[in-house]
Amino acid sequence: MQLLLLAAAAVLSLSLLLPSPAAAHNITRILDKDPAFSTFNHYLTVTQLAPEINRRETITVCAVDNSAMSDLLSKHLSLGAIKNVLSLHVLLDYFDAKKLHQITDGTALAATMFQATGAATGSAGFVNITDLKGGKVGFSPQDNAGDVSATFVKSIDAIPYNISVIQISSILPSPEAEAPAPAPSQINITALMSKHGCKIFAETLLANPAEKTFEDNVESGLTVFCPGDDAMKAFSPKFKNLTAAGKQSLLEYHGIPIYQSIPGLKSSNGITNTLATDGASKFSFDVKNDGSDVTIFTKLVTAKIVNTLVDEQPLAIYQVNKVLLPEELFKGALSPSPAPAPGPEADAESPKSSKKKHKSPPAPPEAPSDSPADAPDGDVADQSTNGGARFNGGGFVAVILSLGFAFLQL
């Protein structure tokens, strides 16, 4: 019996040493559970507020249902103004249902994400929370003359002292938040890239119809990953061998049709569509958070963001250390299938002609890591190494239990 107790104690002690998943939240997944909040959830995504919410702690999201969002959308505000209004609904403090009904002195003043952006002047980015009679809790923006404009409806979800998601009855009105957001400045993106180490990519873009695709997406949101001059110089021989359509697709592959800040990229890991995505071909890549770096994985190459050229909504331009190679363009071209068996006419050809016909073009020596023939093996090896480093807690506990039962047989 003593041996059994000792074994159990050993298992309990060692289990305490097992790694536990870090607490985290994803506002999109929380709201996705109830279709009544689908419009609010959608606009958190398109305005890029969702990644900002996910990376913050000790916050409260005051969500509204689709009917209340219809009232907001009927005002035909710009996307920037909608973002400001919704950011007023993200309180930089934790308020769950219990805390709302136990507010000290019956009222509290909460700063919001709108205040944190610096876009709000004075106290316009603050919200008063008041414990009203009859068990109701009211919300009133500071620049709304102190009038209670919404009330607490219910708690949607809560991770104590990390995030609380609640429903309020209506949108919080704010003349300042609803004011038209300033139009994006007219930025010459190719000139900007040329001045900051991406001149070859910029000049290549200017000479291609893809340049218009980039320009057309600036106002609605654009993120560009421009390869540095060294990477583009090494890649030039491969680029020249592409068809006209292939060249345009490759350039468009270096842009995504939404604005993404570095924190946004780090929190939205996963498959990302690009300007080249057209449905028939995926032309997508994976964005991953690699410690302090943001890494982009295609099937054929791995690249890192090494510099930020501009990060001002709705435009972000980042320099990457390699040209991004889409599988759709390069896998077949650089891994040719075996040549068919020669027929009678081929036998009549001279050896010199036959050798020229079947010889594969050599890869440029300057950038061996960009070669799709080499990159997949390296990527798979990297992923296997990372996977192998994981701690198998379940197997470890099983071994300890086995040892405990072995002691009982003694």
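Residues numbered from 1 in each chain as written. Predicted model: local features only at pLDDT ≥ 70, side-chain atom pairs only at ≥ 80, totals over all residues. Heavy atoms only, no water.

Things to note about the overall build of the protein chain
In step 1: Counting its regular elements, the protein chain contains 20 helices and 14 strands.
In step 2: The buried share of the protein chain, taken over its 410 residues, is 40%.
In step 3: Approximately 21,900 Å² of the protein chain is accessible, and the part contributed by carbon and sulfur atoms is 56%. (Helix = DSSP H or I, 4+ residues; strand = E, 2+ residues; numbered from the N terminus. Buried < 20%, exposed > 50% of the residue type's maximum accessible area, 1.4 Å probe, protein only. Areas by Shrake-Rupley, 256 points an atom, 1.4 Å probe, with all protein chains shown as cover.)

Overview of helix α11 (residues 199–206)
In step 1: Every buried residue belonging to α11 is among F201, A202, T204 and L205, and all of these are buried. One side of α11 holds all its buried residues, which, seen down the axis, span an arc of 165°. (Arc of directions from axis to C-beta.)

Focus on helix α5 (residues 66–73)
In step 1: For α5, the set of buried residues is A68, M69 and L72. Take α5 and look down its axis: the buried residues cluster within an arc of 100°, on one side only. Those residues of α5 that are exposed and angled more than 90 degrees off the buried face are S67 and D71.
In step 2: Those residues of α5 that are buried are in contact with α3 (38–46) and α6 (79–87). (Contact = heavy atoms within 4.5 Å.)

So, the pairing of strand β14 (residues 315–320)
In step 1: Counting buried residues along β14, six of its six residues qualify, which places the element largely inside the surrounding structure.
In step 2: Taking every second residue as pointing to the same face, both faces of β14 are buried, with L315, I317 and Q319 on one and A316, Y318 and V320 on the other.
In step 3: Looking at chain direction, strand β13 (residues 302–312) and β14 are connected through six bridges and run antiparallel. Each residue of the ladder has a partner; that of N307, found in β14, is Q319. (Pairing = 2+ DSSP bridges.)

Topic: the packing of aromatic side chains
In step 1: For the structure shown, the criterion picks out seven aromatic pairs.
In step 2: Summarising the aromatic geometry, the rings of Y253 and F283 are spaced 6.2 Å apart at their centres and angled 70° between planes, so their arrangement reads as edge-to-face. With a gap of 30 residues between them, Y253 in the loop between α14 (244–252) and β9 (255–256) and F283 in the loop between β10 (270–272) and β11 (285–290) connect regions that are remote in the sequence.
In step 3: Looking at Y253, the relative accessible area reads 0%, which means it is buried.
In step 4: An angle of 85° between the planes, with centres 5.5 Å apart, marks the rings of Y253 and F285 as edge-to-face. Linking Y253 in the loop between α14 and β9 with F285 in strand β11, this pair joins segments that are 32 residues apart in sequence. A single burial state applies to Y253 and to F285, both of which are buried.
In step 5: Members of the aromatic cluster, each reached through a chain of ring pairs, are F225, Y253, F283, F285 and Y318.
In step 6: Positioned above the aromatic ring of F95, the side-chain terminus of K99 is 4.6 Å from the ring centre.
In step 7: In this structure, K288 packs its charged tip against the face of F297, placed 4.8 Å from the ring centre. (Phe/Tyr/Trp six-rings, centres within 6.5 Å; stacked < 30°, edge-to-face > 60°. Lys NZ or Arg CZ within 6 Å of the ring centre and 35° of its normal.)

Structural notes on the sheet that holds strand β2 (residues 90–91)
In step 1: Taken together, seven strands build an open sheet; the order of strands is β2-β1-β7-β6-β5-β4-β3 and the sheet is mixed. Looking along the sheet, the strands with just one partner apiece sit at the ends: β2 and β3 (107–111).
In step 2: As paired elements, strand β1 (residues 59–63) and strand β7 (residues 163–168) share five bridges and run parallel to each other. Residue pairing in the sheet places A63 in a bridge with Q167 of β7.

A word on the confidence of the model for the protein chain
In step 1: When the pLDDT values of the protein chain are averaged, the result is 77; 73% of them are 70 or greater.
In step 2: Considering each helix and strand of the protein chain separately, the mean pLDDT is smallest for helix α18 (residues 351–358), with a value of 32, and largest for α11, with 97.
In step 3: Within the model, pLDDT remains below 50 along residues 3–23, and this stretch shows 14 contacts once partners closer than five positions in the same chain are excluded.
In step 4: Predicted confidence is poor over residues 333–410, with pLDDT under 50, and the contacts of this stretch with residues over four places away or in other chains come to 50 contacts. (pLDDT = per-residue confidence, 0-100.)

Quick look at unusual backbone geometry
Trans peptide bonds make up the majority, and among non-glycine residues the majority have a negative phi.
In step 1: A positive phi angle, close to 55°, is found at T58, a residue other than glycine.
In step 2: For T58, the location among the structural elements is in the loop between α4 (49–55) and β1.
In step 3: You can call T58 partly exposed: its relative accessible area is 33%.
In step 4: Positive phi outside glycine occurs at Y161, with the angle close to 65°.
In step 5: Its relative accessible area of 66% is what places Y161 among the exposed residues.

What to know about the packing of α11 against helix α13 (residues 229–240)
In step 1: Closest axis-to-axis distance for the α11/α13 pair is 8 Å, and the angle between their directions is 45°. Regarding the angle of α11 to α13, the classification is oblique. Residues K199, I200, F201 and T204 of α11 pack against D229, M232, K233 and F239 of α13.
In step 2: By residue class, the composition of the contact of α11 with α13 is four nonpolar, one polar and three charged. (Axes fitted to C-alpha atoms, helices over the stretch in contact; angles between N-to-C directions. Parallel < 35°, antiparallel > 145°, perpendicular 65-115°, else oblique. Nonpolar A, V, L, I, M, F, W, Y, C, P; charged D, E, K, R; others polar.)

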